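Here are the chains, one letter per residue:
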Amino acid sequence: MTNVPKGCLDMLTDKNSMLVLVDYQSTMFKGVASGDKTVIRNAAFCAAKAASILSIPVVLSAINPSSNGDFMPEITRLFPGQEVYSRKVLGFDAFEDEMTRNAAKKANRKKMVISGLWTSMCFAYTTLHALKEGYEVYGLMDAAGDSTHDAHEFGIKRMIQAGVIPITVESLVSEWMHDWGNPKVGDLVKEVYSRYGYMIGF
């Protein structure tokens with residue numbers, strides 16, 4: 001195998017990875033036209049819920065909440081007392097903000113799962129920054145959306161060309177869970193798979 005991203009053959013676990021969610025805010029959702037907004041919201045929620053069940057570090061970043069609205073309350077309620085980093089630098093790259101960047105560093109995990117709105121901008125630019133910082137970056141693609149289908153599609157292609165490993169939420173949660181012997185299986189089936197999937201849970 002040649003030109004494969006660093007670490008891509010090592011499985012994601014609850015001990016080696018973290019989750020970064022960027023700009024899941026009401027105004028940002030209004031501009032999404034690349035896919036079903038309910039599916040996108042559900043994917044973001046399910047990733048966050050699985051992380052909360054498995055005690056995986058999560059960083060939440062928002063841009064200009066006074067204009068763009070609060071971060072998804074369904075997600076922030078999962079992490080009571082945890083700060084949503086309102087970026088001081090009002091740019092598209094969440095890691096240009098020192099507090100957001102330092103929160104990720106503090107987690108001390110080499111594998112970083114990222115998703116956000118919009119795909120070709122805040123999501124893509126944050127992943128590119130994370131790659132430059134030396135993280136092994138996984139892009140949670142079905143939790144992302146953009147203003148057009150093309151913007152979403154080519155945002156994903158740009159990230160993959162740069163070395164981001166694409167993943168979807170059911171694959172992510174299954175990789176974190178690892179097997180049916182995980183003591184958190186019951187919670188994951190009830191709170192995550194049943195909400196998002198069609199093949200697991202009822």
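In what follows, the structure referred to is the one given above.
Residues numbered from 1 in each chain as written. Predicted model: local features only at pLDDT ≥ 70, side-chain atom pairs only at ≥ 80, totals over all residues. Heavy atoms only, no water.

Asks: Just to check I follow, could you spell out the side chain of Thr100 for this structure?
Replies: Inspection of the secondary structure assignment puts Thr100 in helix H5 (residues 98-107). Within the structure, Thr100 has its side chain in polar contact with the side chain of Asp97 (distance 2.8 Å). (Helix = DSSP H or I, 4+ residues; strand = E, 2+ residues; numbered from the N terminus. Polar contact = N/O pair within 3.5 Å; in protein donor to acceptor, adjacent residues only side chain to side chain.)

Asks: I'm lost on the pairing of strand E4 (residues 111-116) in this one. Help?
Replies: Remark: a regular strand shows side chains that alternate across the two faces of the sheet. Counted residue by residue, E4 has 6 buried out of 6 residues, so it is predominantly covered. By the alternation rule, side chains of E4 split into Lys111, Val113 and Ser115 and Met112, Ile114 and Gly116, which are all buried. With 6 bridges connecting them, strand E1 (residues 17-22) and E4 associate as parallel partners. Looking at E4, one finds that Met18 is bridged to Met112. The sheet contact formed by E4 and strand E5 (residues 136-140) spans 4 bridges and is parallel. Directly across from Met112, in E5, lies its bridge partner Val137. A crossover links E4 with its parallel partner E5, the connecting element being helix H6 (residues 119-132), and its sense is right-handed. (Buried < 20%, exposed > 50% of the residue type's maximum accessible area, 1.4 Å probe, protein only. Pairing = 2+ DSSP bridges. Right-handed = clockwise from strand over helix to strand, strands pointing away.)

Asks: When you look at the sheet that holds E4 in this model, what are you seeing that I'm missing?
Replies: Here 6 strands make up an open sheet; going across it, the order is E3-E2-E1-E4-E5-E6 and the pairing parallel. Edge positions in the sheet fall to strand E3 (84-86) and strand E6 (165-167), since each of these pairs with one other strand and no more. In this sheet, neighbouring strand axes are inclined to one another by 25 degrees on average, regardless of whether the strands run parallel or antiparallel. Sheet topology note: the E1/strand E2 (residues 58-62) ladder contains 4 bridges and is parallel. By the bridge assignment for E2, Leu21 is matched with Leu60. (Axes fitted to C-alpha atoms, helices over the stretch in contact; angles between N-to-C directions.)

Asks: What's the story with the pairing of E1 in this structure? I'm lost.
Replies: For E1, a buried count of 6 out of 6 residues is recorded, marking the element as mostly surrounded by other parts of the structure. Residue alternation in E1 divides its side chains into two sets, Ser17, Leu19 and Leu21 and Met18, Val20 and Val22, and both sets are buried.

Asks: Any chance you could explain the packing of aromatic side chains here in plain terms?
Replies: In this description, an aromatic ring pair is defined by two values, namely the gap between the centres and the angle between the planes. One pass over the structure, following the stated rule, counts 4 aromatic pairs. Measuring from centroid to centroid gives 6.0 Å for Tyr24 and Phe29, while their planes differ by 45 degrees, and the two rings are tilted. Each member of the pair, Tyr24 as well as Phe29, carries the same accessibility label: buried. On the basis of an interplanar angle of 70 degrees and a centroid distance of 6.0 Å, the ring pair of Phe92 and Tyr125 is categorised as edge-to-face. Of this pair, Phe92 sits in the loop between E3 and H5 while Tyr125 sits in helix H6, and the two are 33 residues apart along the sequence. Aromatic rings pair up to connect Tyr24, Phe29 and Phe71 into one cluster. For Arg195, the ring lying beneath its charged end belongs to Phe45, and the centroid distance is 3.9 Å. (Phe/Tyr/Trp six-rings, centres within 6.5 Å; stacked < 30°, edge-to-face > 60°. Lys NZ or Arg CZ within 6 Å of the ring centre and 35° of its normal.)

Asks: Even after reading the chapter, I still don't get the packing of H6 against helix H7 (residues 149-162), so can you show me in this structure?
Replies: Geometrically, a packed helix pair is captured by the angle between its two axes and the distance between the axes. One way to put it is that H6 packs onto H7 with a least axis distance of 9 Å and a crossing angle of 5 degrees. For the element pair H6 / H7, the angle class is roughly parallel. Judged by residue contacts, Thr119, Ser120, Phe123, Ala124, Tyr125, Thr127, Leu128 and Leu131 of H6 engage Ala151, His152, Gly155, Ile156, Arg158, Met159 and Ala162 from H7. For the contact of H6 with H7, the residue count by class is 9 nonpolar, 5 polar and 1 charged. (Parallel < 35°, antiparallel > 145°, perpendicular 65-115°, else oblique. Contact = heavy atoms within 4.5 Å. Nonpolar A, V, L, I, M, F, W, Y, C, P; charged D, E, K, R; others polar.)

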